[in-house]
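Summary of the model geometry
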Amino acid sequence: MSYKSVYRKSFIFATLLLLILALAGCGGKQVARDQEKVVITDSAKVEIEIPAKIERIADSWPAHNEVLTMLGAGDKIKATVDIKGGKSWLYIVNPAIKDAQIVFTPNDVNIEELMKIKPDIVFTSINNVVASKLKEAGIPVVQLFFTDFAGLKDCFRTTGTILGPAAKAKADAYIAYLDEKIAKIKVVTDQIPQEQRPKVLHINSWDPLLIDGTTTIIDNWIEIAGGRNAAVDVKGNMKSVTMEKVMVWNPDVIIVSSNALPIEADGTRNIQMIMDNPVWQGIKAIQNKKVYANPDGAFLWDRYGAEEVLQIQWAAKTLYPEQFQDIDIVKETRYFYKTFMNYDLSEAEANRIISGKNPE
Amino acid sequence: MTWIRYSEDIVKLIALLIVLLAVFFISFMVGRYPIAPNTVLEILTAKIMHITPFWTPNMEIVMFQIRLPRIIAAMLVGAALSAAGAAYQGMFRNPMVSPDILGVTAGASFGAAIAILLSWPAFGIQLSAYIFGLIAVLLTYGIATWLGKRGDMVLRMILSGIIMGMLFTSFVSLTKFVADPENTLPAITYWLLGSLASASGESVYITAIPILLGLMLLQALRWNLNVISFGDEEAKALGVNTGRLRFFVILAATLITSAAVSISGIIGMVGLVVPHLSRIIVGPNYKILLPASAVMGASSKLEDRMK
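Since the model is a prediction, treat every value here as computed from it, not as a measurement.

Next up on the list: the sheet that holds strand β6 (residues 108-109) of chain A. Backbone hydrogen bonds are what pair the strands of a sheet, in a parallel or an antiparallel way. Residue and element names in this part refer to chain A. The strand order across the open sheet built from 6 strands is β6-β5-β4-β3-β7-β8, with neighbouring strands paired in mixed fashion. Each having just a single partner strand, β6 and β8 (141-144) make up the two edges of the open sheet. Taken together, the 2 bridges between strand β3 (residues 57-59) and strand β4 (residues 77-81) define a ladder with parallel strand orientation. The residue of β4 that forms the bridge with I57 is I77. Against the sheet, helix α5 (residues 129-137) engages β5 (101-105), β6, β7 (121-125) and β8, with an angle of about 165 degrees to β8.

Once that is clear, we can look at the interface of chain B and chain A. Chain B puts 17 residues into the contact, and the matching count from chain A is 20 residues. Summed over both partners, the interface of chain B with chain A buries about 1600 Å², with 60% contributed by carbon and sulfur atoms. Counting the surface chain B buries against chain A, the share from its top three residues, R32, E182 and Y190 of chain B, is 32%. Where chain B packs against chain A, one counts 1 salt bridge. The partner of R67 of chain B in a salt bridge is E244 of chain A, with the nearest N and O atoms 2.6 Å apart. Linking chain B with chain A are 4 residue pairs in polar contact (both at pLDDT 80 or more). Broken down by secondary-structure element, the contributors of at least two residues to the side of chain B that touches chain A are α3 (57-91) and α7 (184-193) of chain B. The element contributing the most residues to the side of chain B that touches chain A is α3 of chain B, with 7 residues.

Glancing now at the side chain of R67 of chain B. All names here are of chain B. By the element assignment, R67 lies in helix α3. Of the residues examined, R67 reaches a relative accessible area of 0% and is grouped as buried. Side-chain polar atoms of R67 contact the backbone oxygen of F28, separated by 2.7 Å. Of the polar contacts made by the side chain of R67, one reaches the backbone oxygen of V30; its length is 3.5 Å.

So, about the packing of helix α4 (residues 104-117) of chain B against helix α5 (residues 122-146) of chain B. All names here are of chain B. Packing of α4 against α5 brings their axes to within 7 Å, and their N-to-C directions diverge by 145 degrees. For the pair α4 and α5, the crossing hand works out as right-handed. Across from V104, G107, A108, F110, G111, A112, I114, A115 and I116 in α4, the residues of α5 making contact are G124, I125, S128, A129, F132, G133, A136 and V137. Split by residue class, the contact of α4 with α5 holds 12 nonpolar, 5 polar and no charged.

This part takes up the pairing of strand β9 (residues 199-205) of chain A. Residue and element names in this part refer to chain A. The element β9 is largely enclosed, with a buried count of 6 among its 7 residues. In terms of strand pairing, β9 meets strand β11 (residues 228-229) through 2 bridges, oriented parallel. Its bridge partner lying in β11, V200 is registered against N229. Across 4 bridges, the pairing between β9 and strand β13 (residues 253-256) is parallel. Within β13, the residue paired with V200 across the bridge is V253.

Attention now moves to the pairing of β4 of chain A. Successive side chains on a regular strand alternate, one facing one side of the sheet and the next facing the other. All names here are of chain A. The buried count for β4 comes to 4 of 5 residues, which makes it a mostly enclosed element. Handedness of the β3-helix α2 (residues 62-70)-β4 crossover: right-handed. Summarising the sheet, β4 and β5 pair through 3 bridges and their orientation is parallel. Bridge pairing in β5 places T80 opposite I102.

This part covers the side chain of T140 of chain B. Residue and element names in this part refer to chain B. Structurally, T140 can be placed in helix α5. Judged by its relative accessible area of 0%, T140 falls in the buried class. Polar side-chain contacts of T140 include one of 2.9 Å to the backbone oxygen of L102. A polar contact of 2.9 Å, which involves the side chain of T140, links it to the backbone oxygen of A136. Aside from chain neighbours lying at most four places away, what touches T140 is L102, M157, S160, G161 and M164.

A word on α5 of chain B. Two residues of an α-helix separated by three or four positions point the same way, owing to the 3.6 residues in each turn. Residues and elements named next belong to chain B. The end-to-end C-alpha distance of α5 is 36 Å, a good match for the 36 Å that 25 residues give at a rise of 1.5 Å each. By the burial criterion, the buried members of α5 are G124, I125, Q126, S128, A129, Y130, G133, A136, V137, T140 and A144. Here the buried face of α5 lies against α4, α6 (153-178), α7, α8 (201-220) and α11 (242-264). Note on α5: the residue one or two positions beyond its end, G148, has a positive phi of about 110 degrees.

Let us now look at the packing of aromatic side chains. Residue and element names in this part refer to chain A. Enumeration according to the criterion identifies 24 aromatic pairs over all chains in this entry. Ring centres 5.9 Å apart and planes at 55 degrees place the aromatic pair W61 and F146 in the tilted group. Separated by 85 residues along the polypeptide, W61 in the loop between β3 and α2 and F146 in the loop between β8 and α6 (149-163) bring together distant segments of the chain. For the pair shown, W61 and F146 are each scored as buried. Look at F146 and F156: their rings are 6.5 Å apart centre to centre, the planes differ by 75 degrees, and that puts the pair in the edge-to-face class. Residue F146 is found in the loop between β8 and α6, and its partner F156 is found in helix α6; the two are separated by 10 residues along the sequence.

This next bit is on the pattern of salt bridges. Residues and elements named next belong to chain A. Applying the stated rule across the entire model yields 18 salt bridges over all chains. With a shortest N-O distance of 3.3 Å, E113 and K116 are connected by a salt bridge. One end of the pair is E113 and the other is K116, both in helix α4 (residues 111-117) and 3 residues apart, which spans about a single turn. By relative accessible area, E113 is classed as partly exposed at 25%.

This part takes up the environment of V77 of chain B. All names here are of chain B. Position of V77 relative to the elements: it lies in helix α3. Each C-alpha atom of the pair V77 and A294 lies 9.5 Å from the other, and the pair is 217 residues apart in sequence. Those residues in contact with V77 that sit more than four places away from it in its chain are L196, A260, I263, S264, I267 and K301.

Here the focus is the environment of E60 of chain B. Residues and elements named next belong to chain B. Inspection of the secondary structure assignment puts E60 in helix α3. Relative accessible area serves as the criterion here: at 29%, E60 is assigned to the partly exposed category. Taking the C-alpha atoms as reference, E60 lies 45 Å from F247; in sequence the two are 187 residues apart. In this structure, E60 is in contact with I43, W55 and Q65, ignoring residues within four places of it in sequence.

Analysis parameters
Residues numbered from 1 in each chain as written. Chains lettered and ligands numbered in written order. Predicted model: local features only at pLDDT ≥ 70, side-chain atom pairs only at ≥ 80, totals over all residues. Heavy atoms only, no water. Pairing = 2+ DSSP bridges. Helix = DSSP H or I, 4+ residues; strand = E, 2+ residues; numbered from the N terminus. Contact = heavy atoms within 4.5 Å. Axes fitted to C-alpha atoms, helices over the stretch in contact; angles between N-to-C directions. Buried area = accessible area lost by both parts, 1.4 Å probe. Salt bridge = Lys/Arg side-chain N within 4 Å of Asp/Glu carboxyl O. Polar contact = N/O pair within 3.5 Å; in protein donor to acceptor, adjacent residues only side chain to side chain. Buried < 20%, exposed > 50% of the residue type's maximum accessible area, 1.4 Å probe, protein only. Left-handed = near helix turned anticlockwise from the far one by under 90°. Nonpolar A, V, L, I, M, F, W, Y, C, P; charged D, E, K, R; others polar. Right-handed = clockwise from strand over helix to strand, strands pointing away. Expected span 1.5 Å × (residues − 1). Phe/Tyr/Trp six-rings, centres within 6.5 Å; stacked < 30°, edge-to-face > 60°.

Rendered as structure tokens:
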């Protein structure tokens, strides 16, 4: 075969390929036009056209899967992200999610698997690589994120609006409940002057040592609960710090995310690992035995899920047991699950959640 | 007159040791936790003489439980990688060779990744990294020998080393792929980045054993390295059993590199660059080059720690 004929053949081939691609592109658009559309604005301040009726959802943000469940769209989740190997309480509260395909990893998406599922909408947290990939594929993608309780309310409200009137009502009910609890705690904690507040360090991962700094929901719940974030000079979620830095902060209280702690044979979270570590003996929180494993329910209470409303109550009571004797965390947890998650939580289950244990 | 040349080398070596000692003390003073330099010196002297402590107990924790293990780890790792690099560069007669040429780093990475995946404790991770480092080199050596006697043994070893490196690197990728993105994946990624941050007392002192053994073995083989760097034929003509020598150099270098990598993760550069810097200062004679590389490697890693 001569050089020219190879050239010609590949040219024809390329032209055919382009033609097929162009045709395929047209086909997609025509189908999309048939549906009724609404326009919403997401946390990235992007206006997105989405179908008015949402039936099939893909959600790449672990915390937001819980929000969808609470707002009554748990069975519409058709594609999701691996949430603790399916061992979390979310799978108890929302068994339908077991059928959802796992197509997302924290920073990526299997785009072909996702397109096979044909989602009406994709939820993802902001600045995700996923967002740009999905935009190219023509799937409406809503990016959501927040760093404090005001943002949390916005995010939940937007999600409710997208899902429909019933979900919107549920989101509003949740926000009213959250506002009531925040107000109730702040009545007490607002009286406490800054210098008397305990310095709280929130550990997200033990090895490597990662902590949560300012402009995070963690910072915000610490403040509501009457503490102050020990990591004042660090900004953002899950930041790597050195042990020496922790010694400089010398926190009065340490709260450890339950998934940073190894699980013992009986299911408890091993806090002893920190209490016995020789290097940590100089820290006030260890000397005063004020190291706590964070509760962990349908999502980690400490991070970006609906159970933040329980987190503020638990944190307030943990920091100020005297002042918050009237808060019964077990009762509040069961109330929350019944009212908002449509799940009748037994007292034993509530206790497992509060001590950071996985379901049995 | 050889004795003049010899004493000049000794002077250089002592000078390098003094630099190392200075860097050793300075690196006690560097860190996020503020301790005044003179307090550091007094805390150190208090270990020998009696001084009434005017410092806080936390300062002692910072110095002896956080900084000291890392300083020792940095020195061990630096000395190990540099000495191994120097030995390999001579043995393979190639200035671009570094200690991981036979796949030890990739093997150790895979060992660590799999141990993290199985949620083993810190010591298990270190041990697994160490063992897989040895296995990778053993496989490389095995393949190179199995390929037969024809052709250049050095070339066969380098090629099979590259193959082993790629193989284990792809195993690491596979492990990362199946790892839990919430906790094991970040842990693997951090390990691969290479850091002395997680070096604790016990792990460092255990690692010291193979590193010191390997360094002593290399020291004993110094003059042989001089001979073999002229090439196999010349070495054989001078009565050196090149096959056996190569085996022992690889054994020593692997013992120490694998141990170094098992506490520090992947640390590049040192094993390639420091031997060349030492060569500029003390010349190519392995009798002095090998100890000089070890000392310079130790100081260079210490300077690294200070960042």
